[in-house]
Protein chains: 2
Amino acid sequence: MDQKTSIELESSDINFVIIGHRAETSPDFPLNDLCGAAGRWDGLARCINTALLLSHEIRKDTNIHMILLGGKDPPKILTVSGRDIRYLNPDERSTAALMKKALNLPLSPSLRRPLCPTPGLYISRGGLDEFMDNMKGRAFLLDERGDDIYDTDVMEMLPRGGPPLFFFLSDDMDLSDQERASIMEGAHGTISVGPRVLHAHQAVAVLNNALDRSRKK
Amino acid sequence: MDQKTSIELESSDINFVIIGHRAETSPDFPLNDLCGAAGRWDGLARCINTALLLSHEIRKDTNIHMILLGGKDPPKILTVSGRDIRYLNPDERSTAALMKKALNLPLSPSLRRPLCPTPGLYISRGGLDEFMDNMKGRAFLLDERGDDIYDTDVMEMLPRGGPPLFFFLSDDMDLSDQERASIMEGAHGTISVGPRVLHAHQAVAVLNNALDRSRKK
């Protein structure tokens, strides 16, 4: 079974980081109620899809990390690597089912390295603070009060050999003051994707598009 | 039961029109297999969500029309009106379940007016040609070979009292030559949302964002 350290995992150029405040961390959540009993796994599945999938290919330079804080076994950090992931379909149900393969692995408190149940999927014990401690790159918090992405120099920072970029988003719940403080301690600033407040996966789509435009220049 | 003519329905400022080539038109498709047996209703559900939902509100000036060509009872035109729709949640499963309320209505060949099973949801018998015949507004085809939305004057056409805008997209299948010809006969041109080929709902997110930016000016 393929295994990598967190540092290696996080070396993808573009990284989305989503805080799943109520996302179920045990694998027994119902695929028929992603919006309810699963703690909004529907929204996380849409973020995975939108972060990684193009029409007929996968964004190999992009990872998505989910910090799962809900349910019976929090906290967990679940990473999907665009470079390596297989068996990823665009619909919410099959994406959530794939993620269960990771949630099904036992994580002992002493385990430092992520486990890899299937190529491109990695899970480890930890929350936002552990993630921030291990993150190596330039981080930005997506926030409606931030500077517009097209008015900032974020897109000039695309890591052509430089440090990777990390974009932090919340799910359908606002960040707590403590979460915001933890992110901002390691972040370069806050950025906004536009004049309206969007669902997380919509913001990911807009940001990916801005990055695509910047790469093309 | 509320009923409106097609013309009134289509008077919303912004309209997305998605061709669902294999989308099941009878209400008996399985909610557990939206990606397969339902003919990609997962993708249509994501388009509805992304076209109409903001973080905590609905885009009241936007409609989405789906031209459903698959399954047991094609063709049907299904419209969701942002102004009037209720009971719309963001997840694919509940969205598809809501759409079944419309697919469940019997549509006689002679029926010209759409039926309305629940507020903001309208269904009528017809395909792309019938839609084009009734469309009143400025239409654009989203196409990877089109002019970039930020290089065109589409965004200057936002209907501040002017004709509504219609943006045509295909689902996961390419348009046939005949479909493309039908749309282009009534369209002002083709536009692209950026340098990469996206899933339909991702393109809707990017286009909505461009419209938001234009409205703010």
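Residues numbered from 1 in each chain as written. Chains lettered and ligands numbered in written order. Predicted model: local features only at pLDDT ≥ 70, side-chain atom pairs only at ≥ 80, totals over all residues. Heavy atoms only, no water.

Asks: Describe in detail the packing of aromatic side chains, supporting the description with residues and values.
Replies: Evaluation of the coordinates by the stated rule reveals eleven aromatic pairs over all chains. With a centroid separation of 6.0 Å and 35° between ring planes, the pair formed by F16(B) and F167(B) is classed as tilted. Separated by 151 residues along the polypeptide, F16(B) in strand β1 (residues 14–24) and F167(B) in strand β7 (residues 165–170) bring together distant segments of the chain. Of the residues examined, F16(B) reaches a relative accessible area of 0% and is grouped as buried. Ring plane angle 85° and centroid distance 6.0 Å describe the contact between F131(B) and F168(B), whose orientation is recorded as edge-to-face. Pair noted here: F131(B) is in helix α4 (residues 128–134) and F168(B) is in strand β7, with a separation of 37 residues, a long-range link. In this pair, the class of F131(B) matches that of F168(B), namely buried. Of the aromatic side chains, those joined through ring pairs into one cluster are F16(A), F140(A) and F167(A). Sitting over the ring of F29(A), K100(A) keeps its end group 4.7 Å from the ring centre. (Phe/Tyr/Trp six-rings, centres within 6.5 Å; stacked < 30°, edge-to-face > 60°. Helix = DSSP H or I, 4+ residues; strand = E, 2+ residues; numbered from the N terminus. Buried < 20%, exposed > 50% of the residue type's maximum accessible area, 1.4 Å probe, protein only. Lys NZ or Arg CZ within 6 Å of the ring centre and 35° of its normal.)

Asks: Tell me about the interface of chain B and chain A, and name the residues and values.
Replies: It is common to report an interface's size as the accessible area lost on association of the parts. In this assembly, 36 residues from chain B lie in contact with 36 residues from chain A. Of the roughly 3100 Å² buried between chain B and chain A on both sides combined, carbon and sulfur atoms contribute 52%. Of all residues in chain B, P195(B), R196(B) and R213(B) give up the largest surface area on contact with chain A, accounting jointly for 18% of the area buried on that side. Between chain B and chain A we count four salt bridges in total. Put simply, chain B and chain A have 23 residue pairs in polar contact (both at pLDDT 80 or more) between them. Of all elements in the fold, only α2 (41–52), α3 (92–103) and α6 (200–216) of chain B reach the threshold of two or more residues within the side of chain B that touches chain A. Counting residues per element, the side of chain B that touches chain A draws most heavily on α6(B), at eight residues. (Contact = heavy atoms within 4.5 Å. Buried area = accessible area lost by both parts, 1.4 Å probe. Salt bridge = Lys/Arg side-chain N within 4 Å of Asp/Glu carboxyl O. Polar contact = N/O pair within 3.5 Å; in protein donor to acceptor, adjacent residues only side chain to side chain.)

Asks: How would you sum up the sheet that holds strand β5 (residues 121–125) of chain A? Please name residues and give values.
Replies: Within a sheet, neighbouring strands are paired by backbone hydrogen bonds and run either parallel or antiparallel to one another. All names here are of chain A. Across the sheet, which stays open at both edges, the eight strands sit in the order β4-β5-β3-β2-β1-β7-β6-β8 with mixed pairing between neighbours. Lying at the two open borders of the sheet, with one neighbouring strand each, are β4 (115–118) and β8 (189–192). Neighbour-to-neighbour, the strand axes of the sheet open up by a mean angle of 30°, direction not taken into account. Where strand β3 (residues 76–81) meets β5, five bridges bridge the pair, whose relative direction is antiparallel. Bridging across to β5, T79 finds its partner in Y122. (Pairing = 2+ DSSP bridges. Axes fitted to C-alpha atoms, helices over the stretch in contact; angles between N-to-C directions.)

Asks: I'd like a rundown of the relation of the copies chain B and chain A, residues and numbers included.
Replies: For the pair chain B and chain A, the best superposition has an RMSD of 0.0 Å and corresponds to a rotation of 180° with a translation of 0.0 Å parallel to the axis. Classification of the inter-copy transformation places it as that of a two-fold axis. Distance from the rotation axis, computed per C-alpha, reaches its smallest value in chain B at V206(B): 2.6 Å. In this assembly, 100% of the residues forming the interface of chain B have copies in chain A that are likewise at the interface, indicating an isologous arrangement. (Least-squares fit on C-alpha atoms with pLDDT ≥ 70 in both.)

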